[in-house]
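# Working through the structure, step by step
So the chains spell out like this:
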Amino acid sequence: MTNRRLSNSTLKALPASVAAPRYDRGGVAPGIVHLGVGAFHRAHQAAYIDDCLAAGEADWGIVGVSLRSPDTRDALAPQDGLYALAIRSSIGEELRVIGSILSLLVAPEDPAAVLAALTDQRTRIVTLTITEKAYLRAAGGGLDSTHPDIAHDLANPQMPRTAHGFLTEALSRRRAAGIQPFTVLCCDNLPANGATLHRLLVEFAALRDARLATSGDARLATSGDARLAAHIADGVAFPSSMVDRIVPATTDADRARIAVELGVEDAWPVMTEPFCQWVVEDDFPAGRPAWEKFGVTMVGDVGPFEDMKLRLLNGSHSAIAYLGLLSGYDTVDRAFADPAIRQFVDGLWAEAIPTLPQDAGLDTAGYTAQLAERYSNTALAHRTAQIANDGSQKLPQRIVASALDRLGAGDPPAHLMLVVAAWIAACEARGKTLPEAHFADPIDARLTALGSRPADETVTAIFDLAGFAKDHAHRMTLIDLTAAHLERLRRGGTAAALAALGIGSEKP
């Protein structure tokens, strides 16, 4: 195997079977800063932008920013930001080299460079895929103002750590310089993600305004910056979006296989599926790429699409992950091939579909059929442990919201609440039937501190810790349903829990 790296200098030597950038990367200008430049972004938004650049829209290159780890920068910087996207199906694999990421920054190493990129007048859009937990929400959904990183950013606006701190300081600097605000486009799985991020950023800016007002510095207290919250509330666009593409973790075997196919080494190729979806609210005062030419759905309201994806795809993904882990399956396709889990997912969809908007023209039958095909893709090896991460942050919008809507309509959410119980049981199985650190959750330390308790006490404590259905009239009903499921899982495993729903346990 060659030890040459993928780079601008080796592009022309790639095999003809590999699709590669045919545009002049040196002539591309940065127009987008992306926070959270992980595998999903590189399989999704960066691929769409690559299409735009190939069509001649040369002012929309991406500056990628890692808010925590230097790993992506360290892998891709020697490759001039290039990487292979492996599009895998059960019948084969296609390789495509993506060239839309022009540079990569690591925020903890050089926050000033990140702020400079955000303040650059060429930057007209800031996109984010920082995962749900990085939005630092309190149990009620508002900003967790007690979080140490929020406190740090309020005290040190020139040296931020969080997305909130970087965005707010950059918008302040742009305002002071007379530069139009960038549009903030959230691409994470949050309910009404644009509106959610807008609210959080306004809350953060208001805390910053209040700090300035009480700082004792009359110049600062009377400056326009002291009213930054109002500027962000009224003058910055935060369109919502819905993203969808399965992106399993890259393995060393993937790297080795792709190096052979490319003829050069790629330190961090990305695996994905053929399916790709992006639905975006069309609100971009500073301009945007012509995404609609390349399959992006531009809409006035992303809500119905977002709800369908969260409740049918993400909800069933979590179900497959936790039931799969408890049943000994390490990938989605293997878990979904289990007839009992497959039947359970059908029941889950049957409960969730009536909670979706019925007048939005959603094709739920076609969508779930498409999901079933995607889950059966044997080439992806999408690990159940990867999906299992951060359940306390994901389950409220994926599962609990549907369950509350079901109860509000007078219908039981039995399948839905088994997913929550399976998450708890999978957490309890770590260090026993599952490896100790098989997956992680932001409240792991507090989960461990609970110790061994009866099912009803465990579930009540976890609902309190995670803030599930807080202050809702149906909260105790959800707790009771979850506790009953958890008791069955503890006593008889997934077979007993599924049997209580009338589902057999036969395996292929």
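Just so you know, these numbers come straight off a predicted model, no measurement behind them. (Residues numbered from 1 in each chain as written. Predicted model: local features only at pLDDT ≥ 70, side-chain atom pairs only at ≥ 80, totals over all residues. Heavy atoms only, no water.)

### Here we look at the overall build of the protein
Within the protein, the regular secondary structure consists of 20 helices and 11 strands. On C-alpha atoms alone, the protein measures out to a radius of gyration of 23 Å, which is about the 23 Å that the 2.2 N^0.38 rule sets for 508 residues. Along the first, second and third principal axes, the C-alpha atoms of the protein reach 65 × 60 × 45 Å. Residue burial in the protein is summarised as follows: out of 508 residues, 56% are buried. Residue pairs at least 24 apart in sequence account for 77% of intrachain contacts in the protein once pairs closer than 6 positions are excluded. For the protein, the accessible surface area stands at approximately 19800 Å², while carbon and sulfur atoms represent 52% of it. Charge centroids of the protein, computed over 47 positive and 60 negative side chains, lie 3 Å from each other. (Helix = DSSP H or I, 4+ residues; strand = E, 2+ residues; numbered from the N terminus. Rg over C-alpha atoms; globule rule 2.2 N^0.38 Å. Buried < 20%, exposed > 50% of the residue type's maximum accessible area, 1.4 Å probe, protein only. Contact = heavy atoms within 4.5 Å. Areas by Shrake-Rupley, 256 points an atom, 1.4 Å probe, with all protein chains shown as cover. Lys, Arg positive; Asp, Glu negative; His and termini not counted. Charge placed at Lys NZ, Arg CZ, Asp CG, Glu CD.)

### Remarks on empty space enclosed by the protein
Taken as a whole, this structure holds two cavities of 30 Å³ or more when the rule is applied. Size it by volume and the largest cavity reaches roughly 60 Å³. Of all the elements in the fold, those that place two or more residues in the lining of the largest cavity are helix 12 (332–336) and helix 14 (364–375). The residue inventory of the lining of the largest cavity, partitioned by class, reads five nonpolar, three polar and two charged. Of the voids in this model, the second largest cavity is the one considered here, and its volume is about 50 Å³. Forming the walls of the second largest cavity are Cys187, Asp188, Asn189, Leu190, Asn193, Ser241, Met242, Val243, Glu306, Lys309 and Leu310. A per-class count over the lining of the second largest cavity returns five nonpolar, three polar and three charged. (1 Å grid on protein atoms, 1.4 Å probe; cavity = no way out; pocket = protein on both sides within 12 Å on 5 of 7 lines; lining within 4 Å. Points joined across faces, edges and corners; volume = space filled by probe spheres on them. Nonpolar A, V, L, I, M, F, W, Y, C, P; charged D, E, K, R; others polar.)

### Structural notes on the packing of aromatic side chains
Remark: the centre distance and the inter-plane angle together describe each pair of aromatic rings, the angle taken between the planes. Across all of its chains, the model carries seven aromatic pairs by this definition. What links up through ring pairs into an aromatic cluster is the set Tyr48, Trp278, Phe284 and Trp291. Against the face of Tyr83 rests Arg42, its NZ or CZ located 4.8 Å from the ring centre. Stacked on the ring of Phe439, the Lys or Arg Arg430 has its end atom at 4.6 Å from the ring centre. (Phe/Tyr/Trp six-rings, centres within 6.5 Å; stacked < 30°, edge-to-face > 60°. Lys NZ or Arg CZ within 6 Å of the ring centre and 35° of its normal.)

### Some points on the sheet that holds strand 10 (residues 277–281)
Read across the open sheet, the three strands follow the order 8-10-11; overall the sheet is mixed. For this open sheet the edge positions go to strand 8 (241–244) and strand 11 (297–299), each flanked by a neighbour on one side alone. Neighbour-to-neighbour, the strand axes of this sheet turn through a mean angle of 15 degrees, independent of strand direction. As paired elements, strand 10 and strand 11 share three bridges and run parallel to each other. Residue pairing across strands places Val280 opposite Met298, the latter belonging to strand 11. (Pairing = 2+ DSSP bridges. Axes fitted to C-alpha atoms, helices over the stretch in contact; angles between N-to-C directions.)

### Points about unusual backbone geometry
The backbone of Ala381 shows a phi angle near 50 degrees, a positive value even though the residue is not glycine. Assignment of secondary structure puts Ala381 in the loop between helix 14 and helix 15 (384–388). Overall, Ala381 belongs to the partly exposed group, its relative accessible area being 39%. Although it is not a glycine, Ala469 sits at a positive phi angle of roughly 50 degrees. Inspection of the secondary structure assignment puts Ala469 in the loop between helix 19 (455–466) and helix 20 (475–499). On the basis of relative accessibility, which here comes to 9%, the residue Ala469 falls in the buried class.

### Here we look at the side chain of Ser392
Summarising the element assignment, Ser392 is placed in helix 16 (residues 391–408). Within the structure, Ser392 has its side chain in polar contact with the side chain of Asp441 (distance 2.6 Å). Look past the residues within four positions of Ser392 in its chain and what remains in contact with it is Trp423, Asp441, Pro442, Ile443, Ala466 and Phe468. (Polar contact = N/O pair within 3.5 Å; in protein donor to acceptor, adjacent residues only side chain to side chain.)

### Brief notes about the pattern of salt bridges
Summed over the entire model, instances satisfying the criterion amount to 28 salt bridges. The closest approach of N and O atoms between Asp244 and Arg374, which form a salt bridge, is 3.0 Å. Placement of the pair is Asp244 in strand 8 and Arg374 in helix 14, with a sequence separation of 130 residues. Looking at Asp244, the relative accessible area reads 2%, which means it is buried. Two residues, Asp444 and Arg430, come together in a salt bridge whose shortest N-O distance is 2.8 Å. Here Asp444 is found in helix 18 (residues 444–450), whereas its partner Arg430 is found in the loop between helix 17 (414–429) and helix 18, with 14 residues between them in sequence. For the pair Asp444 and Arg430, one class covers both residues: buried. (Salt bridge = Lys/Arg side-chain N within 4 Å of Asp/Glu carboxyl O.)

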